[in-house]
Amino acid sequence: MTMEIAVLHRAACATVVDYRCRARPGDPAVEERHRDLSLSYVRRGTFGYRSRGAAHELVAGATLVGHAGEAYRCTHDHHGGGDECLSFQFSADALEALGAAPRPWPA
């Protein structure tokens, strides 16, 4: 298994997840989909992130906004493996309760 996932906190409105990926160059990139709006912080390592026709290289210290329902692929062609992210995932109900409608987030 190339991904270790630890749910650090789960509530109806928000989930905090620790992702530790061990993918290596040549490992296939699998299409995934964000379930909820997420704000993720890259704690260690680097990886490629492809979504909406654009490619980005994320490094330690980078942040990523994932949009609910949006497809993406992570790649590891330039790195020997070993990236870690801390992700805060918010339900649509949580955003509504905060007065932060999900529509503006993709902008």
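Residues numbered from 1 in each chain as written. Predicted model: local features only at pLDDT ≥ 70, side-chain atom pairs only at ≥ 80, totals over all residues. Heavy atoms only, no water.

On the surface, L39, V65 and F88 cluster together to form a nonpolar patch covering roughly 200 Å² of accessible area. Accessibility expressed as a relative area gives 33% for V65, which makes it partly exposed. (Patch = residues over 30% accessible without salt bridge, like charges linked within 9 Å, V, L, I, M, F, W, Y side chains within 5 Å. Areas by Shrake-Rupley, 256 points an atom, 1.4 Å probe, with all protein chains shown as cover. Salt bridge = Lys/Arg side-chain N within 4 Å of Asp/Glu carboxyl O. Buried < 20%, exposed > 50% of the residue type's maximum accessible area, 1.4 Å probe, protein only.)

Take the nonpolar core next. If you look at the biggest cluster of nonpolar residues, it comprises eight residues: V42, F47, Y49, L58, A62, L64, Y72 and C85. In this view, Y49 contacts H34, A54, A55, H56, L58, L64, E70, Y72, R73 and C74; residues no more than four positions away in its chain are not counted. (Core = buried A, V, L, I, M, F, W, Y, C linked by side-chain atoms within 4.5 Å. Contact = heavy atoms within 4.5 Å.)

Attention shifts here to the layout of surface pockets. Considered as a void within the structure, the largest pocket measures approximately 750 Å³ in volume. Residue lining of the largest pocket: 33 residues in total, with M3, Y19, E32, Y72 and C74 positioned closest to the centre. Counting residues per element, the lining of the largest pocket draws most heavily on strand 2 (residues 14-21), which supplies five residues. Looking at the lining of the largest pocket residue by residue, the classes come out as 16 nonpolar, nine polar and eight charged. Contributing to the lining of the second largest pocket are Y49, S51, R52, A54, H56, L58, T63, L64, V65, H67 and E70. Contributions of two or more residues to the lining of the second largest pocket are made by strand 5 (46-51), strand 6 (54-59) and strand 7 (63-66). Partitioning the lining of the second largest pocket into residue classes produces five nonpolar, four polar and two charged. (1 Å grid on protein atoms, 1.4 Å probe; cavity = no way out; pocket = protein on both sides within 12 Å on 5 of 7 lines; lining within 4 Å. Points joined across faces, edges and corners; volume = space filled by probe spheres on them. Helix = DSSP H or I, 4+ residues; strand = E, 2+ residues; numbered from the N terminus. Nonpolar A, V, L, I, M, F, W, Y, C, P; charged D, E, K, R; others polar.)

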